[in-house]
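An overview of the molecular structure
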Amino acid sequence: MQKLAIQGGYRLSGEVRISGAKNAALPIMCASLLTAGELQLGNLPDMHDVATMVRLLEQMGVRVDRTLQAATFNAAQVDQLVAPYDMVKTMRAAILVLGPLLTRFGEARVSLPGGCAIGTRPVDLHIKGLIAMGAEIHIEHGYIHATARRLHGAHICFDMISVTGTENLMMAAVLADGITVLENAAREPEVVDLAICLIAMGAKIEGAGSDKITIEGVGTLHGANHAVMPDRIESGTFLVAAAAAGGHVTLTHTRADILDSVLDKLREAGAKIDVNGDRIALEMSARPRAVNVRTAPYPAFPTDMQAQFMALNAIADGSAIVVETIFENRFMHVQELQRLGAKIEIEGNTAVIQGCRQLDAATVMATDLRASASLVIAGMVAQGETIIDRIYHLDRGYEHIEAKLSALGAKIRRIN
Ligand code: EPZ
């Protein structure tokens, strides 16, 4: 079991290159199942979940040729229409093969994802939408078994905004017979990036990025070449780390236009932020001011940035209120931050943080991907050496995070 050792108290300075977005790469890799043509993906991040998705697609029969930052996918010979439990249990995004398999091959057998640390995370909205499009679905032995001679268009209104639900049904609709309308659709930039890739493959999609997406089914899709968008959550994570540790950091190969809610909060905390094309520079010389955050679907403040801001507020001047409205159990990082001396009270989905001048190093345990990031940030500002255990959570969604942070001046190393 690998751990991270972090010596607190070092300011950050320099440039860091932002990687391709995990939550765009994962659905777009599944889109390769929609065609017998070759899908070439650039700016593919080198992280555990991407490797897991490659393995999942390969065991289905997709040929994947991978270099470090790019890969080509060829699903001409797919013969295993199954996503097995042992892969789905570690990565819920595997549910995203359901729509593509069903609409191209007429059948899919996908393990139910099961819960995870941040909540039960059902997939009922995915299933409800596919049934509306004519799928026959049986849940048996922990698997979703879906069949459909040919899916047909439908008018679907999501009870709740679901990012992968929107992505799954959008992919199911691109080869369905007729028009599909998705109402109350997710507006996340990663949904837009998937739509851009699907359109490049010949799909007819309008409205991606709005809450109403219209898809006109076509007979087949062809291959395409797509560069995955930059990771806005990795970007936000590095900006919060710099705001907490202090210093002057420039992110490159990123996008500021999809980070408005996060940049606004960092400015409110006292950071000086300059945007120039695909670069975002943050300068923080004083102690950050406490900022309230309330998570909500895009374009509001992202739930994937909540834990990182909790770490910032732990050492900020003043007290802050953090409200988590998306997941029912996304405060797993709180008890670990409290071990570092953070003063946090939880009441339901609301946390009140009283900023301290100083945190004290301790041994803590990562529980989920973004919680791990908040512990790294807290360790960078704690007095002494913090040890973070179970960092496989971190490796799922961040590309070489300790190398990137060390290059900026953090004292962070991986220990076995
Ligand atoms: C995506 O998860 C992201 N993952 C998550 O990022 C992100 O936190 C989340 O969207 C919210 O932005 C990927 O894109 C791979 P949802 P997803 O469906 O699609 C409920 C990370 O750290 N719901 O938008 O699984 C659900 O329980 C990860 O990178 C249903 O009830 O989230 C949740 O409370 C963590 N039924 C809410 O909706 C359904 O069928 C939003 O979930 C689907 C969802």
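Right above here is the structure, for reference.
What counts as what
- Every residue gets a number counted from 1 within its own chain, in the order that chain's sequence is written.
- Whole-chain, interface and lining totals are the exception, using all residues; otherwise, since this is a predicted model, local features are given only for residues with pLDDT of at least 70 and side-chain atom pairs are given and counted only at 80 or more.
- Side-chain numbers here rest on the full set of heavy atoms in the structure, without hydrogens or water.
- Only DSSP runs of H or I reaching four residues or more are called helices, and only runs of E reaching two or more are called strands; each is numbered from the N terminus.
- Remark: nonpolar core denotes a set of buried residues (Ala, Val, Leu, Ile, Met, Phe, Trp, Tyr, Cys) joined through side-chain atoms within 4.5 Å.
- Exposure categories follow from relative accessible area, calculated using a 1.4 Å probe and restricted to protein chains: below 20% of the type maximum is buried, above 50% is exposed, and the middle band is partly exposed.
- Two residues qualify as a contact provided that any one of their heavy atoms is within 4.5 Å of a heavy atom in the partner residue.
- The rule for pairing is simple: two strands pair if DSSP sees at least two bridges between them.
- Here a residue counts as near a molecule or strand whenever at least one of its heavy atoms sits within 4 Å of it.
- Here a polar contact means two N or O atoms within 3.5 Å. Within protein one must be a hydrogen donor candidate and the other an acceptor candidate, and residues neighboring in sequence count only if both atoms are side-chain atoms.
- Working definition of accessibility: Shrake-Rupley area with a 1.4 Å probe, residue cover restricted to the visible protein chains.

Turning our attention to unusual backbone geometry. Cis rather than trans, the peptide bond between Tyr298 and Pro299 has omega equal to 10°. Topologically, Pro299 is positioned in the loop between strand S18 (293-294) and helix H10 (306-314).

What follows deals with the nonpolar core. A general feature of soluble globular proteins is that nonpolar side chains tend to end up buried together. Within the largest apolar cluster, 83 residues are counted, with the highest numbers of intra-cluster contacts made by Met29, Phe73, Val97, Met170 and Leu198. The leading source of residues in this core is helix H1 (residues 22-31), at 7 residues. Sequence-distant contacts of Phe73, defined by excluding residues within four places in its chain, comprise Met29, Ser32, Gly37, Glu38, Leu39, Leu41, Leu44, Val54, Leu57, Val62, Arg63 and Val64. Among the nonpolar cores identified, the runner-up in size contains 68 residues, and Leu259, Leu266, Val291 and Leu408 belong to it.

With that settled, the discussion passes to the sheet that holds strand S20 (residues 343-347). The 4 strands are arranged S18-S19-S21-S20 in an open sheet whose pairing can be described as mixed. Every other strand in the sheet has two partners, leaving S18 and S20 as the edge strands with one partner each. As paired strands, strand S19 (residues 319-323) and strand S21 (residues 350-354) are joined by 5 bridges and run antiparallel to one another. Paired with Ile321 across the two strands is Val352, which belongs to S21.

Take the site of the ligand next. Of all residues adjacent to the ligand, which total 22 residues, the nearest are Asp124, Ser162, Thr164, Asp304 and Ile326. Asp124 places a polar side-chain atom, nitrogen or oxygen, 2.7 Å from a nitrogen atom of the ligand. In this structure, an oxygen atom belonging to the ligand sits 3.0 Å away from a side-chain N or O atom of Arg370. Burial of the ligand by the protein chains amounts to 90% of its free accessible area of 830 Å². Contributions of two or more residues to the shell around the ligand are made by H1, helix H5 (124-132), helix H6 (163-173) and helix H12 (369-381).

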